[in-house]
Amino acid sequence: RLVYLSRPSFSYPVLTELRGRGSTVFSALSAWNLEGANIQWSTELEPGEILQASGDFYSTLGIQASLGRTFSPEDDVVGGGRNGLVAVISHACWQRRFAGDPSVIGRVVRIQQMPFTIIGVSPAGFFGVAPGHAPEITVPLTTMVDKEHLTSRSSSWLHFIGRLRDGI
């Protein structure tokens, strides 16, 4: 039921357009991108890879958090939603960096010097969507991009995953 749309990549305006037009084909359409970033887990700054994903990413995939929650379209807003900048960490990250401490929910991690509050931990069997890449942290797509990436049709940087409607 899940399909990967490859071109190899698309712009944010194309996502918006496909969501409007694709409603007869897809029950959900989400976008993602892998990006290198400087991450401050505690006092040390480390280079790392983050997964930027649209607010409906986890629901499109049918993934629920093993602790806390995943983010929603309301979190995927430029500058952060009503809960500010939020992030979901991988199960492996939770174990390795936080020793599986359930009080990780609410802790702040800095990405590119911006504070992201951890709201959830993904399930142990979920390693992301790009083979060979298992990012430790996922953030809403629109929270770490400049306006040009969100408005330019020629700025191709996104990968799409859709869930086909029943009968398709």
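Everything that follows concerns the structure shown earlier in this document.
For clarity, every value in this text was computed on a predicted model and none was experimentally measured. (Residues numbered from 1 in each chain as written. Predicted model: local features only at pLDDT ≥ 70, side-chain atom pairs only at ≥ 80, totals over all residues. Heavy atoms only, no water.)

Undergrad: How should the overall build of the chain be read in this particular structure?
TA: Along the backbone of the chain there are four helices and nine strands. Listed by position from the N terminus, the elements making up the chain come as β-α-β-β-α-β-β-α-β-β-β-α-β. Taking 15 Å as the expected radius of gyration for a compact globule of 168 residues, we find that the chain reaches 16 Å, a close match to that expectation. Counting only C-alpha atoms, the chain reaches 45 × 35 × 30 Å along its principal axes. Looking at the chain residue by residue over its 168 residues, the buried ones come to 47%. Intrachain contacts of the chain at a sequence separation of at least 6 include 71% that bridge at least 24 residues. (Helix = DSSP H or I, 4+ residues; strand = E, 2+ residues; numbered from the N terminus. Rg over C-alpha atoms; globule rule 2.2 N^0.38 Å. Buried < 20%, exposed > 50% of the residue type's maximum accessible area, 1.4 Å probe, protein only. Contact = heavy atoms within 4.5 Å.)

Undergrad: Looking at this model, I keep getting lost on the pattern of salt bridges. Mind explaining?
TA: Pairing between side chains of opposite charge can happen when the charged atoms of each approach one another. Applying the stated criterion across every chain yields a total of seven salt bridges. The partner of Asp-75 in a salt bridge is Arg-69, and the shortest N-O contact between them spans 2.8 Å. Salt-bridge contacts for Arg-97 lead to Glu-136; the nearest nitrogen and oxygen are separated by 3.1 Å. With a gap of 39 residues between them, Arg-97 in helix 3 (residues 91-98) and Glu-136 in the loop between strand 7 (114-121) and strand 8 (137-140) connect regions that are remote in the sequence. (Salt bridge = Lys/Arg side-chain N within 4 Å of Asp/Glu carboxyl O.)

Undergrad: Any chance you could explain the layout of surface pockets here in plain terms?
TA: If you roll a probe as big as a water molecule over the atoms, it shows you where there is empty space left. Of the voids in this model, the largest pocket is the one considered here, and its volume is about 160 Å³. In terms of lining, the largest pocket is formed by 16 residues, of which the most central are Ser-90, Ser-122, Phe-126, Phe-127 and Pro-135. Those elements giving two or more residues to the lining of the largest pocket turn out to be strand 5 (86-89) and helix 3. Class assignment of the residues belonging to the lining of the largest pocket gives a composition of 10 nonpolar, five polar and one charged. (1 Å grid on protein atoms, 1.4 Å probe; cavity = no way out; pocket = protein on both sides within 12 Å on 5 of 7 lines; lining within 4 Å. Points joined across faces, edges and corners; volume = space filled by probe spheres on them. Nonpolar A, V, L, I, M, F, W, Y, C, P; charged D, E, K, R; others polar.)

Undergrad: Any chance you could explain the nonpolar core here in plain terms?
TA: Inside soluble globular proteins, nonpolar side chains tend to come together where they are buried. Trp-41, Ile-50, Ile-89, Phe-98, Ile-111 and Ile-137 are the most contacted members of the largest nonpolar core, which has 19 residues in total. Listed by contribution, the elements that provide at least two residues to this core are strand 2 (26-40), strand 5, helix 3, strand 6 (108-111), strand 7 and strand 8. Beyond its immediate stretch of four places on either side in the chain, Ile-137 contacts Ile-39, Trp-41, Ile-50, Leu-51, Ala-87, Val-88, Ile-89, Val-109 and Ile-111. (Core = buried A, V, L, I, M, F, W, Y, C linked by side-chain atoms within 4.5 Å.)

Keep in mind these values describe shape, not function.
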